[in-house]
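Below, each chain spelled out in residue letters.
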Amino acid sequence: MADMLQIAVVGHTNTGKTSLLRTLTRDSSFGDVADAPGTTRQVQGARVRLEGQPVLAWFDTPGMEDSIALLEYIEQLCGERRLDGPDRIRLFLESPEARRRFEQEARVLEKMLECDAALYVIDARDPVLGKHRDELALLAACGKPLLPVLNFVHAPSHRAEQWRDAMARLGLHALLEFDTVAPPLDGEKQLYERLGMLLDRHSEILGRLSDALARERRERHEAALRLIAELLVDVAALRLSCDADDASLHDATQRLRELARRREQVCVDALLALYNFRQDDYARDPLPLEGERWGMDLFHPRALKDAGVEVGIGMATGAMAGAAVDLMLAGISLGTAALIGAAAGGMWQGIERFGKRLGGKLRGRRELSVDDAVLRLLAVRQRSLLHALERRGHAAREPMRLDRADTDPWRDAGPPAEIKEARSRPEWCGIADGYRDGARRAAVVQSLARRLA
Ligand SMILES: Nc1nc2c(ncn2[C@@H]2O[C@H](COP(=O)(O)OP(=O)(O)OP(=O)(O)O)[C@@H](O)[C@H]2O)c(=O)[nH]1
Ligand SMILES: [Mg+2]
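Residues numbered from 1 in each chain as written. Chains lettered and ligands numbered in written order. Predicted model: local features only at pLDDT ≥ 70, side-chain atom pairs only at ≥ 80, totals over all residues. Heavy atoms only, no water.

**Q** In this structure, what is going on with the layout of surface pockets? I would like to understand it.
**A** It is the rolling of a water-molecule-sized probe over the atoms that shows where space remains empty. The volume enclosed by the largest pocket comes to roughly 1,000 Å³. Lining the largest pocket are 45 residues, with F152, T180, V181, A395 and A396 sitting closest to its centre. Counting only elements with at least two residues in the lining of the largest pocket, the list comes to α1 (17-25) and α15 (372-390). Of the residues contributing to the lining of the largest pocket, the split by class is 13 nonpolar, 17 polar and 15 charged. (1 Å grid on protein atoms, 1.4 Å probe; cavity = no way out; pocket = protein on both sides within 12 Å on 5 of 7 lines; lining within 4 Å. Points joined across faces, edges and corners; volume = space filled by probe spheres on them. Helix = DSSP H or I, 4+ residues; strand = E, 2+ residues; numbered from the N terminus. Nonpolar A, V, L, I, M, F, W, Y, C, P; charged D, E, K, R; others polar.)

Rendered as structure tokens:
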């Protein structure tokens, strides 16, 4: 614990220090963030753990506002005395003005002396001014490594180049571009690498932290793909049975839409939670559900096979299944179909298992399921949500916009094998009564997740 690496986040007021920590800790509730300067008044820490052990503490600090005057004050305080940087800062911290006029600055400098290093956050839209140079002179006097971090580098009028030059002239050659609202995908890795260069003694732990964060990111991505695959399997397997009259069909259609919509919302909520965002981070459009399709896929070859049906008369399972469906649609009685099934050798079992539903079909009941186009749409929407989540910093305050949907290849693709199979497996629908999980469903979810990557 005593050896825990401590890093302060410092800089001029309103440059995005608290925002940077929100993004680094993946916690959008960390500290207070506002457009007005002087938002953070106290030092606030956040610990980072590695294998359960806290190894790094970040410290958010108040913004520096009055560095020009403070530098002059310190000059006066020191007078003729030849003190080095940290001693000059200590002298200031013991002076009465450290608790009055320069209270904010004192909190920052005090923390700087305690920490191993600091990130100096810059609003890259600002011109480099005297106040920044004085601020850096004060911070540098603390004798700790400083890593400048350029925030707001996505703003059209940023001055990143000017800042690079200015930092180099002060001997600060390692610098990081890291927009807190839309950080680069490898931003954390770069941050830890640069810190490792500045903090040789801690470079091993920083490397391990960086690897652990990269691993967590990969695992999150895989978990997200599984959530989307689960959604698609549930909705593809969703079936509603109803009478064939208009009113019943209408009611069932509404119910199907509602179930699919709610199931999508469950997936959205789970994705937001996985990425540690709040529900209001995503202003969602309601799912435009249209074109639910009619029909039943009970006789998908795979479903038959798993129901214990082996076709032993040399006929392809697919052809047999197709034949069975055709017979059904032609209105042949269940007895006849069963007879044919029995003749096919082993098909009887399958028929019996689905007998109740087939009976319903023959009595004129209809089955509703969700159309392929809707499933495609679900896939596209969740994929673009995932894309946006992975690129969103926890400092972002605008609701997310999904803008990648138009170019997604899933928009036009036919249903993959996993979806086709799920269609024939009403028992795979996690929101239906007869839900049964099993190894085959898990394998299909897994392979669909890979396909979604
Ligand atoms: N667009 C955009 N806005 C940002 C970014 N970083 C911070 N902001 C906004 O800038 C404002 C200031 O952010 P804060 O994180 O409060 O800044 P701070 O440096 O902690 O401010 P003080 O605590 O007052 O010194 C807020 O409105 C943030 O939403 C960024 O990278 N892009
Ligand atoms: Mg702040």
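**Q** Just to check I follow, could you spell out the sheet that holds strand β2 (residues 44-50) for this structure?
**A** Backbone-to-backbone hydrogen bonds join strands into a sheet, with any given pair of strands oriented parallel or antiparallel. Here six strands make up an open sheet; going across it, the order is β2-β3-β1-β4-β5-β6 and the pairing mixed. Two strands close off the open sheet at either side, each with one partner strand: β2 and β6 (176-177). Contacts between helix α4 (residues 103-114) and the sheet are confined to β1 (5-11), β3 (53-60), β4 (117-123) and β5 (146-151), with β1 contributing the most and set at about 150° to the helix. The strands that helix α7 (residues 187-198) touches are β1, β3, β4, β5 and β6; relative to β5, the one it contacts most, it runs at about 155°. (Pairing = 2+ DSSP bridges. Contact = heavy atoms within 4.5 Å. Axes fitted to C-alpha atoms, helices over the stretch in contact; angles between N-to-C directions.)

**Q** How should the pattern of salt bridges be read in this particular structure?
**A** One side chain can pair with another of opposite charge once the charged atoms of both are near each other. Tallied over the entire structure, the rule returns 24 salt bridges. Of the charged contacts, one joins E418 and R451 as a salt bridge, the two residues approaching to 2.8 Å between their closest N and O atoms. Taken together, the residues E418 in helix α16 (residues 417-423) and R451 in helix α17 (residues 439-452) connect sequence positions 33 residues apart. E418 gets classed as buried once you look at its relative accessible area, which sits at 7%. Because the salt bridges share partners, they merge into one network encompassing E230, D234, R263 and R441. (Salt bridge = Lys/Arg side-chain N within 4 Å of Asp/Glu carboxyl O. Buried < 20%, exposed > 50% of the residue type's maximum accessible area, 1.4 Å probe, protein only.)

**Q** How should the coordination of the magnesium ion (ligand 2) be read in this particular structure?
**A** Six octahedral donors at a metal ideally form angles of 90 or 180 degrees, and four tetrahedral donors ideally form angles of 109.5 degrees. For the magnesium ion (ligand 2), the full set of protein donor atoms is T18 (OG1) and T40 (OG1), at a range of 2.0 Å. Residue T18 is located in helix α1, and its partner T40 is located in the loop between α1 and β2; the two are separated by 22 residues in the primary sequence. Look at T18 and you get buried, because its relative accessible area is 8%. Look at T40 and you get buried, because its relative accessible area is 14%. (Donors = N, O, S within 2.8 Å, 3.2 Å for Na, K, Ca; no water.)

**Q** Just checking my understanding: could you explain the side chain of H132 for this structure?
**A** For H132, the position within the fold is in helix α5 (residues 130-141). With sequence-adjacent residues up to four places away left out, H132 is seen in contact with H12, Y120, D126, P127 and W163.

**Q** Could you clarify how one ought to interpret the confidence of the model for the chain in this entry?
**A** Close reading of the predicted structure is inappropriate where its pLDDT is low. The predicted model of the chain averages 81 in pLDDT, with 81% of residues at 70 or higher. Note that pLDDT drops below 50 for residues 286-356; the model gives that stretch 118 contacts with residues more than four away or on any other chain. (pLDDT = per-residue confidence, 0-100.)

**Q** In this structure, what is going on with α17? I would like to understand it.
**A** An α-helix turns once per 3.6 residues; consequently, residues spaced three or four apart project the same way. Over its 14 residues, α17 runs 20 Å from end to end, which matches the ideal 20 Å to within 8%, given 1.5 Å per residue. Within the span of α17, buried status applies to R441, V444, V445, L448, A449 and L452. An end-on view of α17 places all buried positions within 140° of arc, on one side of the element. Among the exposed residues of α17, those pointing more than 90 degrees away from its buried face are A439 and R450. (Expected span 1.5 Å × (residues − 1). Arc of directions from axis to C-beta.)

**Q** Where do I start with α15 in this structure?
**A** Over its 19 residues, α15 runs 27 Å from end to end, which matches the ideal 27 Å to within 8%, given 1.5 Å per residue. Of all 19 residues making up α15, 14 are buried, and the element is well covered by its neighbours.

**Q** Before we go on, may I ask you to explain unusual backbone geometry in this structure?
**A** A positive phi angle is found at N14, which is not glycine, with a value near 70°. Residue classification places N14 among the partly exposed residues on the basis of a relative accessible area of 33%. You will see that E51, though not glycine, has its phi angle at about 50°, which is positive. Note on placement: E51 falls in the loop between β2 and β3.

**Q** Whenever I open this one, the packing of aromatic side chains confuses me. Can you help?
**A** Remark: the centre distance and the inter-plane angle together describe each pair of aromatic rings, the angle taken between the planes. The tally for this structure, following the rule as stated, stands at four aromatic pairs. Ring geometry for Y73 and F92: centres 6.3 Å apart, planes at 85°, overall edge-to-face. Pair noted here: Y73 is in helix α2 (residues 67-78) and F92 is in helix α3 (residues 85-94), with a separation of 19 residues, a long-range link. Both residues of the pair, Y73 and F92, count as buried. Taking 5.6 Å as the distance between ring centres and 35° as the angle between the ring planes, the aromatic pair formed by Y73 and F102 counts as tilted. (Phe/Tyr/Trp six-rings, centres within 6.5 Å; stacked < 30°, edge-to-face > 60°.)

**Q** Looking at this structure, how should I read the site of ligand 1?
**A** As a matter of local geometry, ligand 1 sits amid 22 residues, with K17, S19, D35, T39 and N151 nearest to it. Between ligand 1 and G38 there is a distance of 3.0 Å, counted from an oxygen atom to a backbone nitrogen or oxygen. At a separation of 2.6 Å, an oxygen atom of ligand 1 approaches a polar backbone atom of T39. A majority-of-atoms criterion places ligand 1 in the largest pocket. When residues of the shell around ligand 1 are assigned to their parent elements, the largest contribution, three residues, is made by α1. Residues that form the shell around ligand 1 fall into these classes: six nonpolar, twelve polar and four charged. (Near = heavy atom within 4 Å. Polar contact = N/O pair within 3.5 Å; in protein donor to acceptor, adjacent residues only side chain to side chain. Sits in = over half its atoms within 2 Å of the grid points.)

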